[in-house]
Each structure stands twice: as structure tokens, then as C-alpha cells.
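Secondary and tertiary structure notes
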Amino acid sequence: MSPGRQVANPRVSTNHDIHVKVYGTARASRAYAIRDFLTRGDVPFEWIEIRSDAQAREVGLENIADRRMPLCVFSDGTQLESPTIRQIAEKLGWYHGATRAEYDLAIYGAGPAGLSAAVYGASEGLKTVLIERYIVGGQAGTSSKIENYLGFPAGVRGADLAEAAREQALKFGAEILMLHEGVRGDFQPGKGTGYLADGTRIVAHATICATGVSYRRLNIPDEDRLLGAGLYYGAGASEASLCPENEHVFVIGGGNSAGQAVMNFAKYVAKVTMIIRRGCLQATLSQYLIDRILANPRVEVLYHTEVTDLHGESCLREITLTNRETGEQRTLPGKKLFVCIGGDPHTDWAIEAGIARDAEGYILTGPDIPDLLQLPKPWPLERHPYFLESSIPGLFAAGDVRHGSIKRCASAVGEGAMAVAFVHRYLAAS
Ligand SMILES: Cc1cc2nc3c(=O)[nH]c(=O)nc-3n(C[C@H](O)[C@H](O)[C@H](O)COP(=O)(O)OP(=O)(O)OC[C@H]3O[C@@H](n4cnc5c(N)ncnc54)[C@H](O)[C@@H]3O)c2cc1C
């Protein structure tokens, strides 16, 4: 293997297994976006880093600044020059529109909850459509190894789990619309209309909202500018194997997703620094991860610490850390910073639709709806909302987006399945 050539997806074992070759320069944010998309989509790919004009010419490019990069070459010979994610999805056959004028069940969000709802809905005979703004898997799809999901004693890569669920949902006849974002909804008894960002209307008798949470940001200067160029949100599953062995990687966050990321990076790089605001890991991290982190000589944990400044022109070069107790600041060389500090629900659309939410924006369902007489929109039925039903009849919520949910893969999958049971009950009654 030539220098700069690394197999990025552990499923890639031989050249003829490789579906896509991606040529690009190391720190280009577009190249990162493509690697992330292919990793989360479980598409085997080879990342070929272009480090010199000579190397660029070897593969038919003019020089290291050639604007055709990132260049994607598919196994059938198709080349996509500096493609958008949508162009790649189209090439993979993943981008298409709705085929029906009306569905029994529309599900928004293809994380574990939405995928589970799609499998159960479609397998139980409902005309089901699953709408996902990016790619299947949700947060779970970004995990390098989920170790507490039932039935996988050796752990399972999130992208593998998501791809298997996608295949299962398709097998039962669910339609999956990837790279389509639901932006607005109008929900009347027996008929909900979801509006997608491209103007498409999705009409369904019942709807499940499984839109999960989105990464929380640091809210510090230069965050947007360095995003994808050294600063990344999430666990960096696509990046770990690409880091040079002598790299020092920083991970912010004290939860299980950060802990998993730390352990994954520690397999590849010389040093991983975990930055947490609290004084201990016990409150936020599972014991099995705490034990591994504290026992790993490559891992350092900085307590009571936060990142307060980022430095670098075109890419991240240094990171300023501040001790929250003493106020002491220090600036360290750092080219890779992964932010795993949890997320917030994206439910602004629910305000316009008149759906009751809690103070943090999570959707209230069933017994958690405090007072049916004080709703944004009056509850029109004699019965109370079903367990996972929102304050609008026929609109259900499942997984992390729901107030009081457990924020685990298994519970999201369970709620997706349960929500379908309530959809049946709702459809039968209406
Ligand atoms: C790195 C990482 C590791 C983790 N590891 C574990 C673990 O080991 N064990 C465990 O039990 N849990 C783990 N979790 C938590 C677990 O993944 C989540 O609890 C679970 O994914 C929640 O599933 P969900 O379907 O409710 O939401 P999400 O996974 O958040 O999925 C929501 C989906 O909705 C989509 N979406 C959002 N808005 C819209 C819209 N408007 N239109 C269309 N689509 C939309 C999003 O793109 C996303 O794909 C981990 C989380 C992370 C981030």
C-alpha cells in the first residue's frame, strides 16, 4: 500500500470489495463529509490522501490544488468530481421521491426508533414511508461499537446495525426517503401532512416523530470556520483509522458516546485527551467504559476543564483549555477535536403544528402531557392520548425526541415498535 493510502472501513478486506475510492487532501472539510457519509452508510470505501503534485498527477489530477477533489471513483468506473452528498446518494441509488399519494404511516427520522417503527409498520401491512434528512442510523450510526445492545455480545458497529435495519425495512416494503428533511406539519384527525424541504407533501393517516436529538455546539469563536477542518461533532467513527499513529486527539464530553470515541481513538493514536467539565466520570459514563478509560495508558482525562478557544487559519492547529475551578488557561497543539456533548431535540416545527413540548423542546406524550385543558391546540377526543401519542391525535413520538425517554438504542428500538402498536389502535378506532 502506498503512503497516504489507508483502508478506512473495517469491512474492506480486498480491492474488489471496494465500492468507492475517494481522492482528496487530508484536511478538506468536503472530504470529511464524504468519508462520514460513506462510513455511516456502511459503504466500503478507500480513502487516498493526496499529499503532493506528483501523487495528484499519478491519478490523473493536475496538482494538489485540483478543484476536482474530492474525487470519487466507483467500482463501475463512474467518477464524481467534487460531488455533493446528494450526488453520491443518487449514484448509490438511495435518493428518490415518494411513490404514493397517501400512506398509512409516515415516520420522520431513521435512527433506531424510526427504523424499528418502519420494520414493524411495514411488516404488519401498513403502507409505510420513512423520511430521513441525512442517512439511516441516527446517532447510533455514528457509534464505533455499541456494546450493550441485546444479542451482540461482542458489540456491533452502529453503521452495521443501521444498514441491517435498513435492509429489513425495505424487505418488508417500507419506502425510505433519505436526504429529505421534514420541515413543517399539519396534523388533522385521520390525516397528517408533512412538508419536506424540497416542497414534497407526505400525506399519512398516522405519523411517528422519531427525529432524535442533534449535536450540541460549543458556542465558542471560530467554531463554524474550523468545522470539518480539525473540529468535528460526534464520535469520529470515520476518522479514527485515518489518524497518524503519533496524533494527539482531543474528545470533549463525559457521556457514553464520548467514552466510546475515546476508546476507539486509543486503538489508533499515541494519545487521547478526554475533556470533561465535571470532577468525575461516574455520573455520566457506564462503569465498563470508566474502567477501560482509566486503565488505558494512552488516555488522559482532564477534569473541570472546557475548551474556550480554537486557533488555526485553514485548519485547527491549537486548542485553549480553561480550568473551570482555577481559571488557569493553557494552549496546546491540537489538530483533531471531537465534540461529543450530547444533543438537543429539533422540534421547532412542532410549535407551529400546536404540539405540546416540555421546556427543553422534547415532545410530551401520553401520561406526561400535564393538562389536556391547557394544550397549544385543544385535544378533540374523549379518550386520553395513548402512551406514546402526542397532544395531537394520530401523531406519535418515539425515541430520544420524546420527553422522558431513556436515550439508549434498545429503548429507542422498543419505542419505535410500541408506537406502531398504538398506530394500529388509533387507525382501528378512527
Ligand atoms: C456516538 C454515540 C454512541 C452511542 N452509543 C450507544 C450505546 O453504546 N448504547 C446505547 O444504548 N446507546 C448509545 N447511544 C445513544 C443512542 O444512539 C441513541 O439513544 C439512539 O440513537 C436514539 O435513537 P432515535 O432514533 O430516537 O434518535 P436518533 O438516533 O437521534 O435519530 C434521529 C434521526 O432523525 C433524523 N432527523 C432529525 N430531524 C429530522 C427531520 N426534520 N426530518 C427527517 N429526519 C430527521 C436525524 O438525521 C437522525 O437520523 C450513542 C449515541 C452516540 C451519539
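Everything in this summary refers to the structure shown in the same document. (Residues numbered from 1 in each chain as written. Predicted model: local features only at pLDDT ≥ 70, side-chain atom pairs only at ≥ 80, totals over all residues. Heavy atoms only, no water.)

**Focus on the overall build of the protein**
On a plain count of helices and strands, the protein comes out with 10 helices and 22 strands. Expected size for 430 residues packed as a compact globule is a radius of gyration near 22 Å; at 23 Å, the protein falls within 12% of this value. Expressed along its principal axes, the backbone C-alpha trace of the protein runs to roughly 70 × 55 × 40 Å. Here the protein holds 430 residues, and the buried ones make up 54% of them. Of the contacts formed within the protein by residues at least 6 apart in sequence, a portion of 62% connects residues at least 24 apart. Carbon and sulfur atoms form 50% of the exposed surface of the protein, whose accessible area is close to 19200 Å². Side-chain charges in the protein split into 44 positive and 49 negative, and the spacing between the mean points of these groups amounts to 2 Å. (Helix = DSSP H or I, 4+ residues; strand = E, 2+ residues; numbered from the N terminus. Rg over C-alpha atoms; globule rule 2.2 N^0.38 Å. Buried < 20%, exposed > 50% of the residue type's maximum accessible area, 1.4 Å probe, protein only. Contact = heavy atoms within 4.5 Å. Areas by Shrake-Rupley, 256 points an atom, 1.4 Å probe, with all protein chains shown as cover. Lys, Arg positive; Asp, Glu negative; His and termini not counted. Charge placed at Lys NZ, Arg CZ, Asp CG, Glu CD.)

**Regarding empty space enclosed by the protein**
Within this structure, the stated rule accounts for 1 cavity of 30 Å³ or more. Space inside the largest cavity adds up to approximately 50 Å³. Lining the largest cavity are 14 residues; nearest its centre among them are Phe-187, Gly-192, His-205, Pro-393 and Gly-394. When residues of the lining of the largest cavity are traced back to their parent elements, those giving at least two are strand E9 (182-188), strand E10 (191-196) and strand E11 (201-209). The leading source of residues in the lining of the largest cavity is E11, at 4 residues. Looking at the lining of the largest cavity residue by residue, the class counts come to 7 nonpolar, 6 polar and 1 charged. (1 Å grid on protein atoms, 1.4 Å probe; cavity = no way out; pocket = protein on both sides within 12 Å on 5 of 7 lines; lining within 4 Å. Points joined across faces, edges and corners; volume = space filled by probe spheres on them. Nonpolar A, V, L, I, M, F, W, Y, C, P; charged D, E, K, R; others polar.)

**Quick look at the pattern of salt bridges**
For the structure on display, the rule yields 23 salt bridges. The residue Arg-277 makes a salt bridge to Glu-306 at a minimum N-O spacing of 3.7 Å. Highlighted residues: Arg-277 in the loop between strand E15 (271-275) and helix H8 (287-295) and Glu-306 in strand E17 (residues 305-311), separated in sequence by 29 residues. Residue Glu-306 is classed as partly exposed on the basis of its relative accessible area of 25%. For Asp-368, the salt bridge is made with Arg-402, and the minimal N-O distance between the two is 3.9 Å. You can see Asp-368 sitting in the loop between helix H9 (348-353) and strand E22 (395-397) and its partner Arg-402 sitting in the loop between E22 and helix H10 (409-429), a full 34 residues away along the chain. Relative accessible area serves as the criterion here: at 31%, Asp-368 is assigned to the partly exposed category. A cluster of three or more residues bridged by salt bridges with shared partners is formed by Asp-42, Arg-157 and Asp-160. (Salt bridge = Lys/Arg side-chain N within 4 Å of Asp/Glu carboxyl O.)

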